[in-house]
Amino acid sequence: MKFLTLHEMAKQARQNLARGEWDYLIGGADTESALRRNRHGVDSWVFRPRILNDVSSVQCESQLLGTPLRIPVVMPPIGSIQAFAPEGGEAVAQAVQDFGILQILSSVCTPDFVTVAQRVPGPRIYQLYLVGDQSWMDDTIAQAIDSGYTGFCLTADTQVYSRRERDIIKRYVPASGRVAGGGDFQYQASMTWDTVAHVKKKFDIPLIVKGVNVGEDAKRCVDMGVDVVYISNHGGRQLDHTRSCIDALPEVVAAVAGAVPVLVDGGFMRGADVVKALCLGADAVGMGRFEGLAMAAGGRAALVKALEILEHEIKTTMALAGANSLDQLTPELLERTLPITPAHVLSAFPLLEETGY
Ligand SMILES: Cc1cc2nc3c(=O)[nH]c(=O)nc-3n(C[C@H](O)[C@H](O)[C@H](O)COP(=O)(O)O)c2cc1C
């Protein structure tokens, strides 16, 4: 891979994708305000850097559910990821293993989860949308456990499919076939806390609930034995006008009170963004469009390269903020301010505008 910056990675992705796939990747729901607000939230935190700490060696290795993470980052579920690189979820699995982090594989991408597990054995989390009744769900979870998945993720912010107008206007239907008003959401829509209780009672696999935004729900997850609380608004692709995910972090972290790990995603594109989330108490950060852009830029090799650049950015940011280990990343290293540029999905890459996007 020739690129040396994430700017170049994003530019390459834009060049490689047709308009329909590009808009499916970067678009959000309705007015796309939740999408922009995620980025606005990340840009609203600035560093209060400390000086004269020895940063000759910066450590940022971590772990999640017993899986070592070379950086505190996970690759979240991306449905129809084969639209960006034909090898789809399998290429992400390989890249993630090459680099040394963790993947949450979507249930609506190819190859299917059993095939991915056979071809790329290793720790991995499976994310499920319910397209069948409870016995269908039970069979699927049992199959995931048999296939070696080390965690199970229920996405709770997608009880119905939102109106993604970039796609609707172009009559674009993603490979998953999922569209606003689509009929296959009856089971997903009727999911409740009882579903969580059922999974916890019946299966011995760590459970992640993805789509948490408020402290009360986070606390309820903890009380019910959920193993990881995952703050997300689906990258602004589901409920529009949600608060940004980074702004939900302090409340959720306080409610969880260290009982279980907290993941967050939504608008995190660069190493400094990851460091901000860690300062506010996240244990790891999901980067969805980063994953999609890297895949579009060149599949497995490009994703590995993008992660290497991300690691460099994280370590550089930590060093320059005066932190040489993750436990030195605390809220005191940040303060809130007004962003200096208008937020949009690619505003982490301001040089793209200068180069013609
Ligand atoms: C193209 C695309 C497809 C996605 N598909 C899924 C999915 O199948 N399941 C899921 O739980 N989340 C899905 N998400 C949401 C991501 O897992 C993640 O929450 C979101 O991308 C984070 O925001 P970010 O893109 O700003 O990093 C998808 C996101 C994108 C961009």
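In this report, we go over the structure that sits alongside the text. (Residues numbered from 1 in each chain as written. Predicted model: local features only at pLDDT ≥ 70, side-chain atom pairs only at ≥ 80, totals over all residues. Heavy atoms only, no water.)

So, on to the overall build of the chain. When its secondary structure is counted, the chain shows 14 helices and 12 strands. Taken over the C-alpha trace, the chain has a radius of gyration of 19 Å; the compact-globule value for 357 residues is 21 Å, and the two agree within 12%. Each of the three principal axes of the chain carries a C-alpha extent, and together these read 60 × 45 × 40 Å. The proportion of buried residues among the 357 residues of the chain is 55%. Considering only contacts within the chain whose residues lie at least 6 apart along the sequence, 75% involve residues at least 24 apart. About 14,700 Å² of surface is accessible on the chain, with carbon and sulfur atoms providing 53% of the total. (Helix = DSSP H or I, 4+ residues; strand = E, 2+ residues; numbered from the N terminus. Rg over C-alpha atoms; globule rule 2.2 N^0.38 Å. Buried < 20%, exposed > 50% of the residue type's maximum accessible area, 1.4 Å probe, protein only. Contact = heavy atoms within 4.5 Å. Areas by Shrake-Rupley, 256 points an atom, 1.4 Å probe, with all protein chains shown as cover.)

Take the sheet that holds strand S10 (residues 262-265) next. With parallel pairing, the 8 strands of this closed barrel are ordered in space as S4-S5-S6-S7-S8-S9-S10-S11. Within this sheet the neighbouring strands show an average axis-to-axis angle of 25°, counted without direction. Strand direction decides the pairing type here: strand S4 (residues 73-75) and strand S11 (residues 284-286), joined by 2 bridges, are parallel. Opposite Val 74, over in S11, you have Gly 286 as the bridge partner. Of the strands in this sheet, strand S7 (151-155) and strand S8 (207-212) are in contact with helix H9 (residues 193-202), which crosses S8 at around 160°. (Pairing = 2+ DSSP bridges. Axes fitted to C-alpha atoms, helices over the stretch in contact; angles between N-to-C directions.)

Here we come to the site of the ligand. Residues in close proximity to the ligand total 22 residues, the closest being Pro 77, Ser 106, Thr 155, Asp 265 and Gly 267. Between an oxygen atom of the ligand and a main-chain N or O atom of Arg 289, the distance comes to 2.9 Å. Protein chains shield 97% of the accessible area of the ligand, which is 610 Å² for the free molecule. Elements that contribute at least two residues to the shell around the ligand include exactly helix H2 (19-26) and helix H13 (288-321). Its residues placed into classes, the shell around the ligand shows 8 nonpolar, 10 polar and 4 charged. (Near = heavy atom within 4 Å. Polar contact = N/O pair within 3.5 Å; in protein donor to acceptor, adjacent residues only side chain to side chain. Nonpolar A, V, L, I, M, F, W, Y, C, P; charged D, E, K, R; others polar.)

Within the secondary structure, Asp 273 is located in helix H12 (residues 271-279). The class of Asp 273 is buried, set by a relative accessible area of 3%. Here Asp 273 is in contact with Arg 39, Val 42, Gly 267 and Phe 268, once residues within four sequence places are set aside.

Here we come to the packing of aromatic side chains. Counted by the stated rule, this structure contains 6 aromatic pairs. Taken together, a centroid distance of 4.2 Å and an interplanar angle of 20° make the contact between Phe 113 and Tyr 126 stacked. Remark: Tyr 126 occurs in strand S6 (residues 125-128) and Phe 113 occurs in helix H5 (residues 113-119); sequence separation between them is 13 residues. For Phe 113, a relative accessible area of 10% puts it in the buried group. An aromatic cluster is present here, built from Tyr 24, Phe 84 and Tyr 172 joined pairwise through their rings. (Phe/Tyr/Trp six-rings, centres within 6.5 Å; stacked < 30°, edge-to-face > 60°.)

Burial of S10 is two-sided: the residues Val 262 and Val 264 facing one way and the residues Leu 263 and Asp 265 facing the other way are all buried. As judged from the 3 bridges shared by strand S9 (residues 228-231) and S10, these two strands associate in the parallel manner. Across the sheet, residue Val 229 finds its bridge partner in S10, namely Val 262. With helix H11 (residues 245-256) bridging S9 and its parallel neighbour S10, the resulting β-α-β unit is right-handed. Sheet topology places S10 next to S11; 3 bridges connect them, and they run parallel. Bridge pairing in S11 links Leu 263 to Ala 284. (Right-handed = clockwise from strand over helix to strand, strands pointing away.)

Time to look at the pairing of S8. Burial analysis of S8 places 5 of its 6 residues in the buried class, which makes it a mostly covered element. Across 4 bridges, the pairing between S7 and S8 is parallel. Along S8, the bridge assignment pairs Cys 153 with Ile 208. The sheet contact formed by S8 and S9 spans 4 bridges and is parallel. Bridging across to S9, Val 212 finds its partner in Ile 231. Following the chain from S8 across helix H10 (residues 215-223) to the adjacent parallel S9, one finds a crossover that is right-handed.

For the rest of this paragraph, the subject is H9. Listed as buried for H9 are Thr 195, Val 196, His 198 and Val 199. The arc that holds the buried residues of H9, viewed along the axis, is 160°, so those residues lie on one side. Of the residues in H9, the exposed ones pointing more than 90 degrees away from the buried face are Asp 194 and Lys 201. On its buried face, H9 is in contact with helix H6 (134-146), S7 and S8. (Arc of directions from axis to C-beta.)

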